[in-house]
Amino acid sequence: MENQTGQTPKKNSNVIYFLIVVVLALLATDVYLYLQKNKSDTKIVYQNDEKTRLQTELDSLEAQIEQVNAGKTKMTQQMQAQTDSLKAKIKVLRTELAKGKLTVAELNQAQENIKQLRYFVTKYTADIEELKKQNTALSTERDTLKTTLKVANQKDSTLSKQNQDLDAKVKVGSAIKLATSDIVAYKIRGSGKEIDTKRAGPAKKIKINFTVASNDIAEKGMHDIYVRIIDPTGNLITGGDSGPFTADGQDLQFTYKTSIDFKNDGSAYTIDWQNPAAFQKGDYTVLLYADGYTMGKSGFSLK
C-alpha cells in the first residue's frame with residue numbers, strides 16, 4: 001500500500017509537466033502565427049503601395065505623351081506608330097496592375113516594364129522636340145523664301161513694267177515721222193498731162209509730197225504708210241482701196257495704203273491718190289500713219 005501511494009504524486013507531476021509543455025507549444029504557435037500574419041499584412045500593404053505608385057507613374061507617362069502630342073507638329077508615320085505602341089503598352093500594364101493580388105515576381109516584372117516604358121517615352125519626347133525644332137527651322141526658312149520670292153516678284157514686276165515702258169518708248173521713238181509735207185491738187189487733161197489746180201471742179205487727184213525726219217533707231221527698209229483723207233464735211237473719204245488698220249491704240253480705217261523705202265537719208269517721197277468721187281470745195285485734212293503711230297498731219301484747200 002505504501003508503494004502505490006508514493007507513485008501517485010510522481011505520475012501527477014508528469015502530467016503537469018506535459019500540460020505545461022503543451023501550453024508553451026500552443027503559445028509558441030500563436031506567436032508564430034501572429035508574426036506570420038503581421039509579415040503577410042506588411043507584404044500586402046507593400047504590394048498595394050507599390051501598385052499605386054506604379055499606376056501613378058503610368059498616369060504621368062500617359063500625360064507626358066498626350067502633352068507632347070497636343071502640339072500641332074505633324075508627326076511622321078513612324079512617330080505615329082510609336083505613339084500607338086506606347087499607349088498600347090500602358091494599357092497592358094494597367095490591366096496587369098488592376099489584378100487582385102500580385103506576387104513579388106509580378107510586381108518586379110511590372111517595375112521592369114515601366115522602367116523600359118519610361119525610357120521609350122523619354123526618347124519619344126526628345127524625338128518630338130527635335131521634330132518641332134526642325135519644323136520651326138523649316139517654317140523660318142519657308143517664310144524667308146516667301147519674303148525673298150515676294151521681293152524678287154516685286155522687282156520682276158517693276159522691271160517688267162520698266163521694260164514695257166521702255167519698249168513702248170522704243171516703239172514710239174522708232175516710228176518714222178514727217179519732216180516736211182506739201183499737198184497739191186491736179187486736173188488731168190485729155191492727153192494725160194497733169195496740171196496743178198486750186199479749184200475743186202476740175203481737180204481729180206492729189207500728190208502728197210513729204211520727207212521723213214532723221215531717225216537713227218528707226219528700222220531701215222520698207223514701211224507701210226496709211227493715208228486718211230477727211231473731206232470738208234468731216235467725213236472720211238473711202239473707196240475700193242480702203243481698209244482697217246490700228247494706230248495709236250485705236251482701230252481705224254484708211255483711205256489709201258502704200259509703202260516707202262526708208263533709208264534715213266532725207267529722201268523725198270510722193271504719194272499719188274486719185275479721188276474716186278468729185279472733189280468738194282473747202283478744206284481737206286490729210287493724216288499719215290506708219291509703224292502703229294501718227295506720222296503727221298497736213299491739208300489743202302480747193303475753191
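Residues numbered from 1 in each chain as written. Predicted model: local features only at pLDDT ≥ 70, side-chain atom pairs only at ≥ 80, totals over all residues. Heavy atoms only, no water.

### A short note on the overall build of the protein chain
Note the following rule: Numbering goes from the N terminus for both helices and strands, where a helix is a DSSP run of H or I of at least four residues and a strand is a run of E of at least two. Should any heavy atoms of two residues lie within 4.5 Å, those residues are counted as being in contact.
Assigned secondary structure in the protein chain consists of three helices and 10 strands. Each helix (α) and strand (β) of the protein chain, taken in turn from the N terminus, gives the series α-α-α-β-β-β-β-β-β-β-β-β-β. Residue pairs at least 24 apart in sequence account for 70% of intrachain contacts in the protein chain once pairs closer than 6 positions are excluded.

### Comments concerning the sheet that holds strand 1 (residues 178-188)
The condition that has to hold: DSSP-based pairing: two strands are paired if at least 2 bridges between them are found. Lines fitted to C-alpha atoms define the axes here, with helix axes fitted over just the stretch in contact, and angles between the N-to-C directions of these axes take values from 0 to 180 degrees.
Strand order in the open sheet formed by four strands is 2-1-3-8, and the pairing between neighbours is antiparallel. Looking at strand neighbours, the two that pair on one side only are strand 2 (194-197) and strand 8 (268-274), the edges of this open sheet. Taking the axes of each pair of neighbouring strands and ignoring which way they run, one obtains an average angle of 35° across the sheet. Relative to strand 2, strand 1 runs antiparallel, the two being bridged by four bridges.

### A closer look at the sheet that holds strand 7 (residues 256-262)
Strand order in the open sheet formed by four strands is 7-4-9-10, and the pairing between neighbours is antiparallel. Pairing within the sheet leaves two strands with one partner each, and these edge strands are strand 7 and strand 10 (293-302). Averaged over all pairs of adjacent strands, the angle between strand axes in this sheet comes to 25°, irrespective of strand direction. Both strand 9 (residues 282-290) and strand 10 contribute to a ladder of nine bridges, which runs antiparallel. Paired with Thr-285 across the bridge in strand 10 is Gly-299.

### Focus: the nonpolar core
For clarity, the threshold we go by: Joining through side-chain atoms within 4.5 Å is the link that ties buried Ala, Val, Leu, Ile, Met, Phe, Trp, Tyr and Cys residues into a set, and such a set is a nonpolar core. Exposure categories follow from relative accessible area, calculated using a 1.4 Å probe and restricted to protein chains: below 20% of the type maximum is buried, above 50% is exposed, and the middle band is partly exposed.
Ranked by internal contacts, the top residues of the largest apolar core, which has 28 residues, are Phe-210 and Leu-288. Elements supplying a minimum of two residues to this core: strand 1, strand 3 (205-212), strand 4 (221-230), strand 7, strand 8, strand 9 and strand 10. Leu-61, Ile-65, Val-121 and Tyr-124 belong to the second largest nonpolar core, which has 13 residues in total.

### Quick notes on the side chain of Arg-228
This is how the line gets drawn: Counting of polar contacts relies on pairs of N or O atoms within 3.5 Å, with two restrictions inside protein: one atom must be capable of donating a hydrogen and the other of accepting it, and residues adjacent in sequence are counted only when both atoms are side-chain atoms.
Residue position: Arg-228 is located in strand 4. Polar side-chain contacts of Arg-228 include one of 2.7 Å to the backbone oxygen of Gln-253. Ignoring sequence-local partners within four residues, the contact set of Arg-228 consists of Leu-236, Phe-245, Leu-252, Gln-253, Phe-254, Thr-255, Thr-285, Val-286, Leu-287 and Tyr-289.

### Here we look at unusual backbone geometry
For Asn-264, which is not glycine, the phi torsion reads 55° and is therefore positive. Mapped onto the elements, Asn-264 comes out in the loop between strand 7 and strand 8. Positive phi values are uncommon outside glycine, yet Asp-291 reaches one of about 60°. Its location among the elements puts Asp-291 in the loop between strand 9 and strand 10.

### Section: the confidence of the model for the protein chain
Test applied: Confidence per residue, as judged by the predictor, is encoded in pLDDT with a range of 0 to 100.
Mean pLDDT over the protein chain works out to 80, with 79% of the residues at or above the 70 mark. Here residues 1-5 scores under 50 on pLDDT; set against residues more than four positions off or in separate chains, the count is zero contacts. Contacts of residues 38-46 to residues separated by more than four positions or lying in other chains number three contacts, the stretch itself having pLDDT below 50.

### Describing the packing of aromatic side chains
In plain terms, the rule: Note on aromatic contacts: the rings of Phe and Tyr and the six-membered ring of Trp form a pair at centre separations within 6.5 Å, being stacked when their planes are under 30 degrees apart, edge-to-face when over 60 apart, and tilted otherwise. In this scheme, the term charge over a ring applies when either NZ of a lysine or CZ of an arginine sits within 6 Å of the ring centre and within 35 degrees of the ring normal.
If you walk through the whole model with that rule in mind, you get nine aromatic pairs. Geometrically, the ring pair formed by Phe-245 and Phe-254 is tilted, given 6.0 Å between the ring centres and 55° between the ring planes. Accessibility expressed as a relative area gives 8% for Phe-254, which makes it buried. Aromatic side chains Phe-279 and Tyr-284 sit 5.7 Å apart centroid to centroid with 80° between the ring planes, which places their arrangement in the edge-to-face category. Phe-279 sits in the buried class, given a relative accessible area of 8%. Classification of Tyr-284 as buried rests on a relative accessible area of 4%. Linked through ring pairs, Tyr-226, Phe-245, Phe-254 and Tyr-289 together constitute an aromatic cluster. Directly above the ring of Tyr-186 sits Lys-207, whose terminal nitrogen or CZ lies 5.7 Å from the centroid.

### Observations regarding the side chain of His-223
Relative to the helices and strands, His-223 is located in strand 4. A polar atom in the side chain of His-223 sits 2.9 Å from the side chain of Asp-291. For His-223, the contacting residues outside a window of four places in its chain are Ile-176, Thr-258, Ser-259, Ile-260, Phe-262 and Asp-291.

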